[in-house]
Amino acid sequence: MELRTLRYFVAVAEELHFGRAATRLHMSQPPLSRAIKRLEAEVGALLFARSPTGVTLTPVGTVLLDEARALLGHADRVRVRVSAAAGAATITIGILDDGTDPGVSRLAAAYRRTHPGIDIRIRDTDLSDPTCGLRTGLVEIALTRAPFNETALTVRTLRTDPVGVVLRTDDPLARRDRLRLAELSDRRWFRFPQGTDPLWQSYWNGGTPREGPVVRAVQECQHAVLWNGTVGLAPLGHDLPAGLAVVPLIDMVPSRVVAVYNEGDTNPLIRSFIETAAAAYRR
């Protein structure tokens, strides 16, 4: 199995939609569909159950998703270590699955202007790892959201965002101007996988253990609300698909957008990136 094909598969598995996966991969849908069909032929089993509204993973696809994530993670670690040994002028950035944040676009433009000779490598990370691979050596800097365990990390706050609850538009609570966490106590919430940072899990569950579906990506969170009426928290000011609404919560501490690196890392590229990020997010 080629790593590129496995990356295609993981994108479709996380988006549960070929069109959205193709957009995420910056490619058209037909070659993506052909690649997945070739992978299914190689595996000898269907990986997705297709429908007009999207796809769902088959049992075989679920097994392959776990293995593909592990294999791609190992491949990324190999690349990072080899680049470091070669002394190439590169820096690897982990970005939390938060692609609608306009601060990222401003930062990318600013860094290209000020550091045109630096090769920036991006690792998009799902919601189960708020440090975006920083602790495992996959990245040198993480653009993410706090809170999480900050032991042995240096954290720079870039911005704070108020938080709201995501609901279906036909939910009676969606007509409210604001809500309190206590008004959601009888609802099912989406949760993150077992082993996720406890501080991160607690924050996005409103400080209380919850019951509900396990999710890894923003798209999975949104589908949990659309299909199951699950509720969950999200920063205000981000675009939502049709059928969803967000209502501000008046008793939630704002979410901090942060840049993070390993404590004691003296790489000058890291410090310059952090300063550029701070300036970009102040605009």
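One can find the structure itself at the top, above this paragraph.
Remember, it's a predicted structure, so these values are computed and weren't measured experimentally. (Residues numbered from 1 in each chain as written. Predicted model: local features only at pLDDT ≥ 70, side-chain atom pairs only at ≥ 80, totals over all residues. Heavy atoms only, no water.)

(A) Summary view of a nonpolar patch on the surface. On the surface, a cluster of nonpolar side chains totalling about 230 Å² of accessible area is made up of Met1, Val43 and Val60. Along the polypeptide, Met1 turns up in the segment before helix 1 (3–15). Residue Met1 is classed as exposed on the basis of its relative accessible area of 52%. (Patch = residues over 30% accessible without salt bridge, like charges linked within 9 Å, V, L, I, M, F, W, Y side chains within 5 Å. Areas by Shrake-Rupley, 256 points an atom, 1.4 Å probe, with all protein chains shown as cover. Salt bridge = Lys/Arg side-chain N within 4 Å of Asp/Glu carboxyl O. Helix = DSSP H or I, 4+ residues; strand = E, 2+ residues; numbered from the N terminus. Buried < 20%, exposed > 50% of the residue type's maximum accessible area, 1.4 Å probe, protein only.)

(B) Representation of the environment of Leu184 within the structure. Its place among the elements puts Leu184 in the loop between strand 7 (163–168) and helix 6 (198–204). Along the chain, Leu184 and Val43 lie 141 residues apart, while their C-alpha atoms are 43 Å from each other. Excluding residues that lie within four positions of it along the chain, Leu184 makes contacts with Val165, Leu173, Leu179, Trp189, Arg210 and Leu249. (Contact = heavy atoms within 4.5 Å.)

(C) Seen up close, the environment of Pro172. Note that Pro172 resides in the loop between strand 7 and helix 6. In this structure, the C-alpha to C-alpha distance between Pro172 and Asp251, residues 79 residues apart in sequence, is 20 Å.

(D) Main features of helix 8 (residues 268–282). Over its 15 residues, helix 8 runs 22 Å from end to end, which matches the ideal 21 Å to within 8%, given 1.5 Å per residue. Those residues of helix 8 that sit buried are Leu269, Ile270, Phe273, Ile274, Thr276, Ala277, Ala278, Ala280 and Tyr281. On the buried face of helix 8, the contacting elements are strand 3 (90–96), helix 5 (102–114), strand 5 (141–146), strand 6 (153–161) and strand 10 (255–262). N-capping of helix 8 is provided by Asn267, with a side-chain oxygen placed 2.9 Å from the backbone N of Leu269. (Expected span 1.5 Å × (residues − 1). Polar contact = N/O pair within 3.5 Å; in protein donor to acceptor, adjacent residues only side chain to side chain.)

(E) How the structure looks around the pattern of salt bridges. One pass over the full model with this rule turns up 15 salt bridges. Salt-bridge contacts for Glu2 lead to Arg4; the nearest nitrogen and oxygen are separated by 3.9 Å. Arg168 serves as the salt-bridge partner of Asp170, at 3.2 Å between the closest nitrogen and oxygen. Exposure remark for Asp170: the relative accessible area of 54% places this residue in the exposed category. Linked by salt bridges that have partners in common, Glu14, Glu15, Arg20, Arg24 and Arg69 make up one network.

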